Amino acid sequence: RKEVEQDPGPFNVPEGATVAFNCTYSNSASQSFFWYRQDCRKEPKLLMSVYSSGNEDGRFTAQLNRASQYISLLIRDSKLSDSATYLCVVNMLGGYGGSQGNLIFGKGTKLSVKP
Amino acid sequence: GAVVSQHPSWVICKSGTSVKIECRSLDFQATTMFWYRQFPKQSLMLMATSNEGSKATYEQGVEKDKFLINHASLTLSTLTVTSAHPEDSSFYICSARRRGGPLAYEQYFGPGTRLTVT
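Quick summary incoming for the structure in this document. Just so it is clear, the structure is predicted and the values come from calculations on it, not from any experiment. Residue indices begin from 1 for each chain and proceed along its sequence in written order. Here every chain gets a letter starting at A, and every ligand a number starting at 1, in the order they are written. Since the coordinates come from a predicted model, pLDDT governs what is reported: local features require at least 70, and pairs of side-chain atoms require 80 or more to be given and counted, while whole-chain, interface and lining totals use all residues. Excluding hydrogens and water, the side-chain values take into account all heavy atoms of the structure.

Helices and strands together make up the secondary structure of chain A, namely zero helices and eleven strands. Helix and strand assignments come from DSSP, with helices taken as H or I runs of at least 4 residues and strands as E runs of at least 2, each series counted from the N terminus. In sequence order, chain A lays out its α and β elements as β-β-β-β-β-β-β-β-β-β-β. Burial classification: accessible surface area is computed with a 1.4 Å probe over protein chains only, and a residue below 20% of its type maximum counts as buried, one above 50% as exposed, and the rest as partly exposed. A buried classification covers 44% of the 115 residues belonging to chain A. Residue contacts follow a heavy-atom distance rule, with two residues in contact if any of their heavy atoms lie within 4.5 Å. In chain A, once contacts between residues fewer than 6 apart in sequence are set aside, the share between residues at least 24 apart is 59%. Using a 1.4 Å probe, the Shrake-Rupley method yields the accessible areas, and only the shown protein chains count as cover for residues. Surface accessibility of chain A: about 5600 Å² in total, with carbon and sulfur atoms responsible for 50%.

Below, the structure is given as structure tokens:
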């Protein structure tokens, strides 16, 4: 079983649609969780950290279910500029400590928003 | 804040030559930097973890004598691909983790270096 699994997509949606991405992780000791976006041939950019209580940043809402080892990202009122690959990322470390910070990346879910 | 730069952004070299890639955290100190590699349509794979002032820790399957890492200061890490071969052609991305503070566990990525070995 892969450490971080995502539906590869692509998700093709019209502008204004709501789209949800799901992700599962295999290691129950994982401590911190993130969504990154990666544009074609570019580096990943941190979109948001994911907290146990769920968190929202504008049109983006992230949820974490530790019992099910499941992470989600919801994008409301999608824009053309949201077109990218969304990476689910898990880290074994949380908080401030440790000398290692091994981010485990999913393969990403490709989103294409059409006019 | 949290800007990470990489240089060069792309490089073409001949088989057998060595290539050095620099990663700098521009507006924060990074005790730890990471080097990743991404092949087309694949996920990022961690190659090594670089800690300032100490030896890098390499992931299984990554040759430490081929991929030399130096982290001489809190803002600079370098990756040297020695005796490069065509199969080393890839997108190399560094990331840096802030030193301390509430965002200490977040990593910020450089823009990547696209290496093509002919």
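What follows deals with the nonpolar core. Joining through side-chain atoms within 4.5 Å is the link that ties buried Ala, Val, Leu, Ile, Met, Phe, Trp, Tyr and Cys residues into a set, and such a set is a nonpolar core. The biggest cluster of nonpolar side chains holds 25 residues, and the ones touching the most others in it are B:Val4, B:Trp35, B:Phe67, B:Leu79, B:Tyr92 and B:Leu115. Looking at this core, the elements with two or more residues in it are β2 (10–13), β3 (19–25), β4 (30–38), β5 (45–51), β7 (67–73), β8 (76–81), β9 (90–98) and β11 (113–117) of chain B. In terms of nonpolar packing, the next biggest core, distinct from the first, is built from 24 residues, A:Val19, A:Cys23, A:Met48 and A:Ile71 among them.

On to the sheet that holds β8(B). All names here are of chain B. Here the rule is simple: two strands pair whenever DSSP picks up at least two bridges between them. Reading across from one edge, β1-β3-β8-β7 is the order of the four strands in this open sheet, with antiparallel pairing throughout. In the strand order of this sheet, the two ends are held by β1 (4–7) and β7, each with one partner. Strand-to-strand twist in this sheet, taken as the mean axis angle between neighbours without regard to direction, amounts to 15°. For β1 and β3, the ladder comprises four bridges, and the chain directions are antiparallel. When the bridges of β3 are listed, glutamine 6 appears paired with cysteine 23. Every angle, taken between N-to-C directions, lies between 0 and 180 degrees, and every axis is a line fitted to C-alpha atoms, over only the stretch in contact when it is a helix.

All names here are of chain A. Taken in spatial order, the five strands of this open sheet run β1-β3-β8-β7-β6, and their pairing is antiparallel. With one partner strand each, in any of the chains shown, β1 (4–6) and β6 (55–57) form the two edges of the open sheet. Between one strand and the next, the sheet's axes are offset by a mean angle of 20°, whatever the strand orientation. As defined by bridge partners, strand β7 (residues 60–65) adjoins strand β8 (residues 70–75) across six bridges and the pair is classed as antiparallel. When the bridges of β8 are listed, leucine 64 appears paired with isoleucine 71.

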